[in-house]
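# Summary of the model geometry
Okay, here's what each chain looks like letter by letter:
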Amino acid sequence: MNSLWIDSIENKNKFKKLEKDISTDVCIIGAGVFGLTCGYYLVKQGYNVTILEKEHEIASKTTGHTTAKITSQHNLIYKYLIDSLGKVQAKKYLYANQEAIENIAKIVKDEKIDCDFERTDSYVYTRDKDELEKIRLERKAVNSLEFTSEFVTETPLPFEVLGAIKFSNQAQFNPLKYAYGLADKITKGSGEIYTDTLVQNIEKEGDYFITYTENNKVKSKYVILASHYPFIDRLGYYFLKMYQSTSYVIAVDTHGKTFDGIYINSEIPTFSYRFANYKDKKLLLVGGSDHKTGSKIDLSNAYKILEDEVRKYFPDCTVLYKWNTEDCISLDKIPYIGEFSNLMPNMYIGTGFNKWGMTSSNVAANIIVDKILGKENEYEDVFKNCYISIFPTSTISFKIKKILYLHFL
Ligand SMILES: Cc1cc2nc3c(=O)[nH]c(=O)nc-3n(C[C@H](O)[C@H](O)[C@H](O)COP(=O)(O)OP(=O)(O)OC[C@H]3O[C@@H](n4cnc5c(N)ncnc54)[C@H](O)[C@@H]3O)c2cc1C
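We now turn to the structure provided with this report. Keep in mind that what you see is a predicted model, and the values were worked out from it rather than measured. (Residues numbered from 1 in each chain as written. Predicted model: local features only at pLDDT ≥ 70, side-chain atom pairs only at ≥ 80, totals over all residues.)

Two elements, strand S11 (residues 242-253) and strand S15 (residues 318-330), share 12 bridges in a ladder whose sense is antiparallel. What sits directly across from Ile250, in S15, is Lys322. Here eight bridges tie S11 to strand S14 (residues 281-292), and the two strands are oriented antiparallel to one another. Among the inter-strand pairings, Val252 is bridged to a residue of S14, identified as Leu284. (Pairing = 2+ DSSP bridges. Helix = DSSP H or I, 4+ residues; strand = E, 2+ residues; numbered from the N terminus.)

So this is what it looks like as structure tokens:
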């Protein structure tokens, strides 16, 4: 079944297949939120950009099946980041993602993208007394990074929680409307988007890259691999550093009963909640039932877990949509952003968004565009941590791993 987002766009496919050889400044592989954000910023800088997308429609893979909560509250991550990388790096992660929320808000405003962008508060809650201490420690960790979060015991949710950590002034939107808005700005500027165009290989030839599609090739100075899971195994070894995790979403008509905010719980099973505009009403999106992609699972049971949960609070609700998709999970919970490999200068990647790709893709696009512009980016080093995780997490091992990465991958 299509997602609610995909159904919300009329006249989706406006793009053609690549049918000739071309040259461009930057070739971007993949037209999800990450590839399109890179394209948007590069076009603004005056670069010629070509985006190649294998599907018939843009943003129809993970971006078209997300829940699109825009937040720096990536579940309970900040205590973990402080313990593993130290406060300086943890603060950079937080500020990079906070900045991403403002960047997205700015794009929506400047470009007048009608994508249901709205500010809202974000909560990680628990109903399990064993998790409560984790929530309290997370709040302490977050506030030690000079960011104000609150510990609350009451939320707008239709059920009681034992405790929650609240980040104010986060956001949500319709990711497909946003993606089409970006695509419009790209193609009205110095960018081109080709769909039904599968990239099969990328080769370095002197100072240039040649990107091979089924029948044609694109010559460019820079390549950005925005294909979600990198389809090139050699050099980057991302298959050793990431796995995929599938999540399920149902969109439910609660017949006029709504609540504000975006939510995820800290315990397992995971439940995530937000409302989204749908025609003249609002539907409740309930996400969860996560599992490692490829593991044997009863699909109908994955949806039933979500439906049973929501019926406890909205017994008369009607399920209108069901969908599932996967995201790339990095071994150390930090996205991989920057050079694809030390041996391939000018080829960049952003992946391992850990189901928080709305802000992470914006962070990634800014880092990579700055690299192309030859500008320093203050957040770059947090996300460069791109190695095979064979050591336990600690500040010392962070450095060792970084050295290993810089020398061998
Ligand atoms: C169920 C679920 C809920 C989520 N909810 C949230 C949320 O609330 N907030 C949040 O921040 N994040 C969330 N995420 C994560 C977020 O949706 C993703 O991290 C993000 O959409 C990834 O975007 P992307 O552009 O990297 O990938 P994609 O959207 O998958 O785009 C990659 C594109 O590359 C194309 N491609 C691949 N290979 C090739 C090739 N060889 N040639 C040409 N094109 C190719 C694909 O067709 C695809 O269109 C969620 C993820 C899941 C699974």
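Relative to the assigned elements, Ile224 resides in strand S10 (residues 217-225). When the C-alpha positions of Ile224 and Phe239 are compared, they lie 18 Å apart, and in sequence the two are 15 residues distant.

Right, let's get into the packing of helix H2 (residues 33-44) against helix H9 (residues 357-373). At a minimum axis separation of 9 Å, H2 and H9 run at an interaxial angle of 40°. By the angle between their axes, H2 is oblique relative to H9. You can see that H2 and H9 cross each other, and the crossing is right-handed. Residues Val33, Phe34, Thr37, Cys38, Tyr41 and Leu42 of H2 form the contact with H9, whose own contacting residues are Gly357, Met358, Ser361, Asn362, Ala364, Ala365, Asn366, Ile368 and Val369. Partitioning the contact of H2 with H9 into residue classes produces 10 nonpolar, five polar and no charged. (Axes fitted to C-alpha atoms, helices over the stretch in contact; angles between N-to-C directions. Parallel < 35°, antiparallel > 145°, perpendicular 65-115°, else oblique. Left-handed = near helix turned anticlockwise from the far one by under 90°. Contact = placed C-beta atoms within 7 Å. Nonpolar A, V, L, I, M, F, W, Y, C, P; charged D, E, K, R; others polar.)

The next thing to look at is the packing of helix H3 (residues 78-85) against helix H5 (residues 132-143). Here H3 crosses H5 at 65°, and the two axes come no closer than 8 Å. On H5, the residues touching Tyr78, Lys79 and Ile82 of H3 are Leu137, Glu138, Ala141 and Val142.

Let us now look at the pairing of strand S17 (residues 347-351). In terms of residue burial, S17 counts as a mostly covered element, since five of its five residues are buried. Neither face of S17 is open: one carries Met347, Ile349 and Thr351, the other Tyr348 and Gly350, and all of them are buried. Strand direction decides the pairing type here: S10 and S17, joined by three bridges, are parallel. For Ile224, the partnering residue across the bridge sits in S17 and is Tyr348. (Buried ≥ 20, exposed ≤ 12 C-beta atoms within 10 Å, placed from the backbone.)

Taken together, 39 residues lie near the ligand, and Gly30, Gly32, Thr66, Gly357 and Met358 sit nearest. Going through the elements one at a time, H2, S11, S15 and H9 are the ones with two or more residues in the shell around the ligand. If one sorts the elements of the shell around the ligand by residue count, H9 sits on top with four residues. Counted by class, the shell around the ligand contains 15 nonpolar, 16 polar and eight charged residues. (Near = placed C-beta within 6 Å.)

In this section: helix H6 (residues 175-188). A rise of 1.5 Å per residue sets the reference length of H6, with its 14 residues, at 20 Å; its end C-alpha atoms lie 20 Å apart and thus fit the reference within 8%. Judged by how many residues are buried, H6 sits mostly within the fold: 10 of 14 residues are covered. (Expected span 1.5 Å × (residues − 1).)

Before going further, it helps to spend a moment on helix H4 (residues 87-110). Its 24 residues give H4 an end-to-end C-alpha distance of 34 Å, which sits within 8% of 34 Å, the value for a rise of 1.5 Å per residue. Those residues of H4 that fall on the buried side of the exposure criterion are Gln89, Ala90, Lys91, Tyr93, Leu94, Ala96, Asn97, Ala100, Ile101, Ile104 and Ile107. Contacts from the buried residues of H4 go to H2, strand S3 (69-70), H3, strand S6 (163-172), H9 and helix H10 (380-383). Just beyond H4, the residue with positive phi is Lys112, at close to 55°.

Right, let's talk about unusual backbone geometry for a bit. The omega torsion across Ile268 and Pro269 is 0°, close enough to zero to call that bond cis. Relative to the elements of secondary structure, Pro269 occurs in the loop between strand S12 (262-265) and strand S13 (271-278). Of note in this structure, His228 is not a glycine but carries a positive phi near 75°. Along the chain, His228 turns up in the loop between S10 and helix H7 (238-241). The exposure class assigned to His228 is buried, which follows from the 23 C-beta atoms found within 10 Å. If you check the backbone angles, Ser289 has positive phi at about 55° while not being a glycine. Checked against the element boundaries, Ser289 lands in strand S14. Of the residues examined, Ser289 has 23 C-beta atoms within 10 Å and is grouped as buried.

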